[in-house]
Amino acid sequence: MSESRRTWQDVILPWSTFVSMLAAIVMVFLLAPSERDQGIVQRIFYFHVNLAWMAFGGFALVAGTSIWFLRTGSRRADRLAHANAEVGMLFTTLVLVTGPIWARPIWGVWWTWDPRLTMTVVLWAIYAAYLMLRRLGGEDDTILRYAAVLGIVGSLDIPLLILAVRLWRGVHPAVMLSDDPDAGLKDPLMGWTLLVSGIALALLFTWLVSLRARLLAVDETVAAMHLEGARS
Amino acid sequence: MKGLYYLAAAYTAVWIAIFGYVMSIGRRARKLERELEELRK
């Protein structure tokens, strides 16, 4: 690995993640005003919304890198798809955990089968299947191709999920994409808090994906050495 | 006041999950490093 890439991934990325995360925490807990109707619980949104956007971005990258893998057979593309799917799963799981924690005091229930919530569970299940296929199927080329196709097909759920609030008019609030003049963040500091939290989580996502992708590369090297040892 | 518990629960869950994931990556990296060392011997 070149020295410049080592610097970026080992020093700049973790430190910028740490600093931006610290700024996000200060803004979420100390600077952002409490929302008038929801009170302090609304502050869950700053991470909940951004975790969701990062997860969607991660799954879109799974689709992009899977297309790259199917076209070229690049191992790097395959590793990136795998790493993005794993970190995307972690973030989606956290969306499904933080959402009900917000919903309980606001809606009075932990869960409801609202279109957006249901589509999020479907997305989670698709990429859980993707990761299980990869884990149980091993490194067989046919399995990797099946997984790539699943990674591409699964991403088709993302636009449906984003538009679900508009298409089916569920109870999930539309914070970012709404025609309602009363919707959205009223105080500019709320907007800044959402932005800084978004930057912090984007950096965290990138750092985790880079760590996981490098680990997968080492895993492949070890597997190749085992194979070579068995042959000789 | 009750809202504070929900807020704390949400952010605690986020941090435990992320910390756990980073720890699991570290554990897997150490295991692979050991394996690589043995194969190189």
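In the block above lies the structure referred to throughout.
Residues numbered from 1 in each chain as written. Chains lettered and ligands numbered in written order. Predicted model: local features only at pLDDT ≥ 70, side-chain atom pairs only at ≥ 80, totals over all residues. Heavy atoms only, no water.

Caption draft 1: View of the packing of helix H3 (residues 75–107) of chain A against helix H1 (residues 2–40) of chain B. For the pair H3 of chain A and H1 of chain B, interaxial distance at closest approach is 9 Å and the crossing angle is 165 degrees. When the axes of H3 of chain A and H1 of chain B are compared, the pair comes out roughly antiparallel. Considering how the two elements wind past one another, H3 of chain A and H1 of chain B form a crossing that is right-handed. For the pair H3 of chain A and H1 of chain B, contact is made by Glu86, Val87, Leu90, Leu94, Val97, Thr98, Ile101, Arg104 and Pro105 of chain A and by Tyr6, Ala9, Ala10, Ala13, Val14, Ala17, Ile18, Tyr21 and Arg28 of chain B, respectively. (Axes fitted to C-alpha atoms, helices over the stretch in contact; angles between N-to-C directions. Helix = DSSP H or I, 4+ residues; strand = E, 2+ residues; numbered from the N terminus. Parallel < 35°, antiparallel > 145°, perpendicular 65-115°, else oblique. Left-handed = near helix turned anticlockwise from the far one by under 90°. Contact = heavy atoms within 4.5 Å.)

Caption draft 2: Region of the structure containing the packing of helix H2 (residues 45–72) of chain A against helix H7 (residues 188–231) of chain A. Residue and element names in this part refer to chain A. With their axes 9 Å apart at the nearest point, H2 and H7 run at an angle of 45 degrees to one another. Considering their axes alone, H2 and H7 lie oblique with respect to each other. Crossing hand, H2 versus H7: right-handed. Contacts between H2 and H7 involve Phe45, Tyr46, Phe47, Val49, Asn50, Leu51, Met54 and Gly58 from the former and Met190, Thr193, Leu194, Ser197, Gly198, Leu201, Ala202 and Phe205 from the latter. For the contact of H2 with H7, the residue count by class is 11 nonpolar, 5 polar and no charged. (Nonpolar A, V, L, I, M, F, W, Y, C, P; charged D, E, K, R; others polar.)

Caption draft 3: Spotlight on a nonpolar patch on the surface. Residues and elements named next belong to chain A. Together, Val26, Phe29, Leu30, Leu31, Leu189, Trp192, Leu195 and Ile199 make up a nonpolar patch on the protein surface, roughly 760 Å² of accessible area in all. For the nonpolar patch, the secondary structure elements donating two or more residues are helix H1 (3–31) and H7. A relative accessible area of 36% places Val26 in the partly exposed class. (Patch = residues over 30% accessible without salt bridge, like charges linked within 9 Å, V, L, I, M, F, W, Y side chains within 5 Å. Areas by Shrake-Rupley, 256 points an atom, 1.4 Å probe, with all protein chains shown as cover. Salt bridge = Lys/Arg side-chain N within 4 Å of Asp/Glu carboxyl O. Buried < 20%, exposed > 50% of the residue type's maximum accessible area, 1.4 Å probe, protein only.)

Caption draft 4: Quick look at the interface of chain A and chain B. Contacts between the two partners involve 32 residues from chain A and, on the opposite side, 22 residues from chain B. In total, chain A and chain B occlude about 2,500 Å² of area from one another, counting both sides; carbon and sulfur atoms represent 86% of this. Our count for the chain A to chain B interface comes out at 1 salt bridge. The shortest N-O distance in the salt bridge between Glu86 of chain A and Arg28 of chain B comes to 3.6 Å. Our enumeration of links across chain A and chain B arrives at 3 residue pairs in polar contact (both at pLDDT 80 or more). At the level of secondary structure, the elements contributing two or more residues to the side of chain A that touches chain B comprise H1, H2, H3 and H7 of chain A. For the side of chain A that touches chain B, the element with the highest residue contribution is H7 of chain A, accounting for 11 residues. (Buried area = accessible area lost by both parts, 1.4 Å probe. Polar contact = N/O pair within 3.5 Å; in protein donor to acceptor, adjacent residues only side chain to side chain.)

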